[in-house]
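# Observations on chain architecture
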Amino acid sequence: MIPTTPVVGKDGIANPAPLGLCAFGMTTVLLNIHNAGFYELNTMILGMGIFYGGLAQVIAGVIEAKKNNTFGLTAFTSYGFFWLSLVGLIVMPKLGWGTKPTEGAMVAYLSIWGFFTFCLFFGTLKLNRALQFVFASLTVLFALLAIGDATGNKSITTLAGYEGIICGLSAIYTGIAGVMNEVYGRVVMPIGPVETSK
């Protein structure tokens, strides 16, 4: 979670959320530029999925565990392995390690990740508006991708691509806000803190 005001961690551990959010956001933008039809699925996307979207998010999640942040641990580790699993679904059939997923299997895959994201969205209601937008738009993205695969309608997948670019950019904004607000010692990029009653 990104604090609403800059905080120096008493545990001496830096805030890993900006890393996780930027890793997720940048990889999501690049994949969805492909979904929007601007370029083919290539090794640039797969490399980002393995190393930045995948491993960097897992690292961020492990650090969140050390900071006793259950939400951060669950989100970053899960989405890190989501990216790794997605690359696996694409690459493993080409290596002869099983058959390519059917459209029905991909619908199930995208749907369960959409459901998971929808559940986590409710956790963001206690955090900040920026994260609420990230998780809400990600839920919509998974739904559009699942519907696109289920119907075979390429227009829906293209729409999902544009929506995914917005989702990814919102995650990048939220991540950079965490860095800038800490570096400048004040809120320079607002994230809309949620006021909670004590």
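Residues numbered from 1 in each chain as written. Predicted model: local features only at pLDDT ≥ 70, side-chain atom pairs only at ≥ 80, totals over all residues. Heavy atoms only, no water.

A separate point is the layout of surface pockets. A volume near 950 Å³ is recorded for the largest pocket. When contributions to the lining of the largest pocket are tallied by element, the ones reaching two or more residues are α1 (17-35), α3 (70-91), α4 (103-124), α5 (129-151) and α6 (154-184). Across the lining of the largest pocket, the residue classes tally to 16 nonpolar, ten polar and five charged. (1 Å grid on protein atoms, 1.4 Å probe; cavity = no way out; pocket = protein on both sides within 12 Å on 5 of 7 lines; lining within 4 Å. Points joined across faces, edges and corners; volume = space filled by probe spheres on them. Helix = DSSP H or I, 4+ residues; strand = E, 2+ residues; numbered from the N terminus. Nonpolar A, V, L, I, M, F, W, Y, C, P; charged D, E, K, R; others polar.)

We now examine the packing of aromatic side chains. Overall, the coordinates contain 13 aromatic pairs when judged by the stated rule. Each ring, one from F121 and one from F122, has its centre 5.7 Å from the other, and the planes form 70°; the classification is edge-to-face. Looking at F122, the relative accessible area reads 44%, which means it is partly exposed. (Phe/Tyr/Trp six-rings, centres within 6.5 Å; stacked < 30°, edge-to-face > 60°. Buried < 20%, exposed > 50% of the residue type's maximum accessible area, 1.4 Å probe, protein only.)

Judged by nonpolar contacts, the single largest core of 31 residues is most densely connected at F24, Y79, F82, Y109, F135, L138 and F142. Of all the secondary structure elements, the ones that give two or more residues to this core are α1, α2 (43-66), α3, α4, α5 and α6. Looking at which element gives the most residues to this core, the answer is α5, with nine residues. Setting aside residues up to four positions removed in sequence, L138 forms contacts with F24, Y79, T117 and C167. (Core = buried A, V, L, I, M, F, W, Y, C linked by side-chain atoms within 4.5 Å. Contact = heavy atoms within 4.5 Å.)

In this model, N68 sits at a positive phi of 60°, which is unusual for a non-glycine residue. Its location among the elements puts N68 in the loop between α2 and α3. With a relative accessible area of 71%, N68 lands in the exposed category.

Running from N to C, α1 and α2 point in directions that differ by 160°, and their axes come no closer than 8 Å. Judged by the angle between their axes, α1 and α2 are roughly antiparallel. Our pair here, α1 against α2, has a crossing hand that is left-handed. The segment α1 lies against α2, with A17, L19, G20, C22, A23, F24, M26, T27, L30, L31 and H34 engaging M44, I45, M48, G49, Y52, G53, A56, Q57, A60 and E64. Looking at the contact of α1 with α2, its residues break down into 14 nonpolar, six polar and one charged. (Axes fitted to C-alpha atoms, helices over the stretch in contact; angles between N-to-C directions. Parallel < 35°, antiparallel > 145°, perpendicular 65-115°, else oblique. Left-handed = near helix turned anticlockwise from the far one by under 90°.)

Moving on, we come to the UniProt feature "transmembrane region" (unreviewed entry) in the protein. Look at the UniProt record and you will see "transmembrane region" (unreviewed entry) annotated at residues 12-33, 45-65, 71-92, 104-124, 130-147 and 159-180. Here residues 104-124 runs as 100% helix and 0% strand, with 30 Å between its end C-alpha atoms. Its end C-alpha atoms 26 Å apart, residues 130-147 is made of 100% helix and 0% strand. (UniProt positions renumbered as here; feature names shortened; annotations may be inferred.)

Turning to the state of the cysteines, a few remarks are in order. In total, this model carries zero disulfides according to the counting rule given. No disulfide involves C22; its nearest neighbouring cysteine sulfur is the one of C167, lying 13 Å away. (Disulfide = S-S within 2.5 Å.)

Together, V179, V183, Y184 and V188 make up an exposed nonpolar region whose accessible area comes to about 350 Å². Mapped onto the elements of the fold, V183 is located in helix α6. Given the relative accessible area of 60%, V183 is considered exposed. (Patch = residues over 30% accessible without salt bridge, like charges linked within 9 Å, V, L, I, M, F, W, Y side chains within 5 Å. Areas by Shrake-Rupley, 256 points an atom, 1.4 Å probe, with all protein chains shown as cover. Salt bridge = Lys/Arg side-chain N within 4 Å of Asp/Glu carboxyl O.)

Over its 22 residues, α3 extends 31 Å from the first C-alpha to the last, a length consistent with the 32 Å expected when each residue adds 1.5 Å. Summarising the contacts, the buried residues of α3 are in contact with α1, α2, α4 and α5. Of the residues flanking the start of α3, the one acting as N-cap is N69, its side-chain oxygen 3.2 Å from the backbone nitrogen of F71. (Expected span 1.5 Å × (residues − 1). Polar contact = N/O pair within 3.5 Å; in protein donor to acceptor, adjacent residues only side chain to side chain.)

So, on to α5. Over its 23 residues, α5 extends 33 Å from the first C-alpha to the last, a length consistent with the 33 Å expected when each residue adds 1.5 Å. For α5, the N-terminal capping position is held by N128, with its side-chain oxygen 3.2 Å away from the main-chain nitrogen of A130. Once α5 finishes, G152 follows within two positions and takes phi at roughly 70°, a positive value.

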